[in-house]
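Listed below are the residues making up each chain.
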There are 2 protein chains.
Amino acid sequence: MGREKQFSEAAVLEDVADLFALHGYQGTSLATLLAATGLGKQSLYNSFGDKRALYLKSVECSAARFQPLEAEMQGAPSGRAALVAYFDHLVGKCDSDALADKSCIVAAGLLEGVDDPLIVETLRAKWAGLRELLRDTVERGQKDGSLRNPAPAAALADLLLVVTAGLRVNARADFGTARLQSSVGLALSMLDNDSLLEATRGPPEGPH
Amino acid sequence: MGREKQFSEAAVLEDVADLFALHGYQGTSLATLLAATGLGKQSLYNSFGDKRALYLKSVECSAARFQPLEAEMQGAPSGRAALVAYFDHLVGKCDSDALADKSCIVAAGLLEGVDDPLIVETLRAKWAGLRELLRDTVERGQKDGSLRNPAPAAALADLLLVVTAGLRVNARADFGTARLQSSVGLALSMLDNDSLLEATRGPPEGPH
DNA sequence: ACTGTAGTTGACCGATCAGTCCAATACCGC
DNA sequence: GCGGTATTGGACTGATCGGTCAACTACAGT
C-alpha cells in the first residue's frame with residue numbers, strides 16, 4: 001500500500017558511497033548528499049536512517065560492488081593472475097574520469113580518524129576481510145607455483161594491503177596511472193622473488 | 001612593547017599538527033584545537049591567522065620535525081641503512097603511546113579530499129619532496145651496492161611512498177607493530193632483489 | 001607612575017551542521 | 001470513487017561551525 005519510492009535505494013547508495021569515499025565520513029555533509037542524490041532529506045532518513053546508518057550501509061554497498069572482482073579473481077587461472085586482476089582493477093579505477101573512483105571508502109575512513117567505535121570496527125572488519133582474500137590468493141599462488149616468494153602468505157597479504165592503501169594516496173597526489181602501474185609491477189615482482197628474503201628485521205613472522 | 005605571549009608558538013604548532021594528523025583538516029574543529037592547546041580563540045588567530053593558515057603552518061612544522069631523521073638518513077653508512085632508519089622511525093612512531101604519532105598529516109590530508117586548492121597543492125608538494133628524498137636515497141644505495149634492485153630509483157621511490165602511506169592505514173586498522181615491521185622487512189627485501197624486475201608488468205612466469 | 005602597545009578573554013555573529021515535525025501528496029487495495 | 005498508507009517537501013530545531021568584535025589586562029619604554 002501507499003506510495004512507491006521514486007528512486008532506487010541501491011542506486012542512491014552507490015552515489016552516496018562515492019561521496020563518502022571521496023570526502024570521508026566527517027567531510028561529507030547531509031546537504032552534499034542531498035544535492036548529489038537529488039532527493040529530499042526525509043526520503044533519505046526514511047530509507048536509510050541517520051547519517052551513521054547511511055554510511056555503514058554505503059560501506060556494505062561498496063563491499064558488494066567489489067564482489068564481481070572477487071569472483072574474477074577466484075576464476076583466474078593462477079594466484080598470480082588473480083592478483084594482477086586485482087591491481088588492474090585498482091589502478092584502472094584511478095584512471096577513470098570520475099574522480100570518485102580514485103578513492104576507497106574503507107581506506108579513507110580508516111585514515112580519517114573517526115571517533116565512532118562502531119564505524120571504526122566496521123572498517124577494520126572490512127579491511128581484515130580484504131586481507132583474508134589477499135592472503136588466500138597469495139597462498140594459492142604459492143601452491144600453484146605462480147608466486148615464488150616463500151614468505152608467510154599472511155605477511156605478504158599485509159604488504160599487499162599496504163600497497164592497496166598507499167596507491168590511493170599516491171593517486172590523490174596526482175601521480176599518473178603509469179607511475180601507479182609501475183608501483184604495482186614492482187610489488188608484484190616482489191611476490192615473484194624467490195631469493196631468501198625473510199623480513200630483515202623484526203619478528204620472524206606474524207601470528208599464524 | 002606590550003605584553004609577551006604566554007605560550008610557545010612552536011609548542012602549540014606541534015600540538016596542532018598532531019591533532020590535524022589525527023583527525024584531518026575538516027575533522028578538527030576550532031573548539032578541539034582550543035581545548036587541546038588551552039589557549040583562547042583570539043590568541044590563536046593573532047598568532048596564526050585563520051584555520052587554513054594554521055593548518056598550513058602546522059604542515060610546515062610537521063615537515064620541520066622530520067628534519068632530524070633526514071639528517072640521520074644522510075649520515076647513515078649506506079643507502080640501505082638510511083632506508084632502514086627511515087622505516088624504523090615510521091614504525092617506531094606507530095608503537096608510541098600517543099596515538100597522534102600513528103598518523104601523518106600529509107598522507108591523511110591527501111586522502112581526505114579537501115577542496116581547497118592551496119592546501120592540496122601544498123600537500124602534494126610535501127609528498128613530492130619526500131619522494132625526492134627517497135629517490136636520492138635509493139639511488140645512493142644502488143651506487144654503494146647496498147641495494148641491488150636495478151629498477152629506476154624514481155619507480156622504487158614511488159613504491160616506498162606507497163608503503164609509507166599504506167603503513168599509516170594499516171596502523172589505523174590496529175595491526176600490531178610486529179606486522180607493520182614485517183611489511184617493512186618485505187618491502188626492503190624487494191629493494192635487495194636483483195632478479196628480473198622489469199617495471200610495469202611482469203611476465204606470467206619469470207624466465208629465471 | 002603614566003602611556004602606548006600587544007595579548008587575552010568572552011560575548012557575539014551568520015552559516016551550516018545533523019536531525020525532527022508536520023502537512024501535503026501520490027499511490028494501492030478495495 | 002474511497003480509505004488508508006507510505007513517500008515527499010519544507011519549515012523548523014538546537015548545536016556547532018569558523019570567524020569577528022570590543023572591553024579588559026599586562027607589560028615595556030619613558
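Everything below is about the structure shown above.
Residues numbered from 1 in each chain as written. Chains lettered and ligands numbered in written order. Predicted model: local features only at pLDDT ≥ 70, side-chain atom pairs only at ≥ 80, totals over all residues. Heavy atoms only, no water.

Attention now moves to the relation of the copies chain A and chain B. After a rotation of 180° and a shift along the axis of 0.0 Å, chain A superposes on chain B with an RMSD of 0.0 Å. Expressed as an axis order, the relation between the two copies is that of a two-fold axis. Taking C-alpha positions as the reference, the residue of chain A nearest the rotation axis is Gly166 of chain A, at 2.1 Å. Taken as a fraction of all interface residues of chain A, those also at the interface in chain B reach 93%, which identifies the copy contact as same-surface. (Least-squares fit on C-alpha atoms with pLDDT ≥ 70 in both. Contact = heavy atoms within 4.5 Å.)

Below, the discussion takes up the packing of helix H5 (residues 67–75) of chain B against helix H8 (residues 117–144) of chain B. All names here are of chain B. One can describe the packing of H5 onto H8 by two numbers: an axis separation of 11 Å at closest approach and a directional angle of 15°. Accordingly, the angle class assigned to the pair H5 and H8 is roughly parallel. The two elements H5 and H8 cross, and the hand of that crossing is left-handed. Every residue of H8 that contacts H5 at Glu70, Met73 and Gln74 is listed here: Leu133, Thr137 and Arg140. Looking at the contact of H5 with H8, its residues break down into two nonpolar, two polar and two charged. (Axes fitted to C-alpha atoms, helices over the stretch in contact; angles between N-to-C directions. Helix = DSSP H or I, 4+ residues; strand = E, 2+ residues; numbered from the N terminus. Parallel < 35°, antiparallel > 145°, perpendicular 65-115°, else oblique. Left-handed = near helix turned anticlockwise from the far one by under 90°. Nonpolar A, V, L, I, M, F, W, Y, C, P; charged D, E, K, R; others polar.)

Here the focus is the protein's contact with DNA strand D. In the vicinity of DNA strand D lie 23 residues, with Gln6 and Asn46 of chain A together with Leu30, Lys41 and Gln42 of chain B positioned nearest. Backbone atoms, meaning sugar and phosphate, form 62% of the atoms of DNA strand D found within 4 Å of the protein. Gln6 of chain A is positioned such that a nitrogen or oxygen atom in its backbone is 2.8 Å from a phosphate oxygen of DNA strand D. Here Ser29 of chain B contributes a side-chain N or O atom positioned 3.1 Å from a phosphate oxygen of DNA strand D. Mapped onto the surface near DNA strand D, the elements with two or more residues apiece are helix H3 (41–48) of chain A together with helix H2 (30–37) and helix H3 (41–48) of chain B. Looking at the surface near DNA strand D residue by residue, the classes come out as six nonpolar, ten polar and seven charged. (Near = heavy atom within 4 Å. Polar contact = N/O pair within 3.5 Å; in protein donor to acceptor, adjacent residues only side chain to side chain.)

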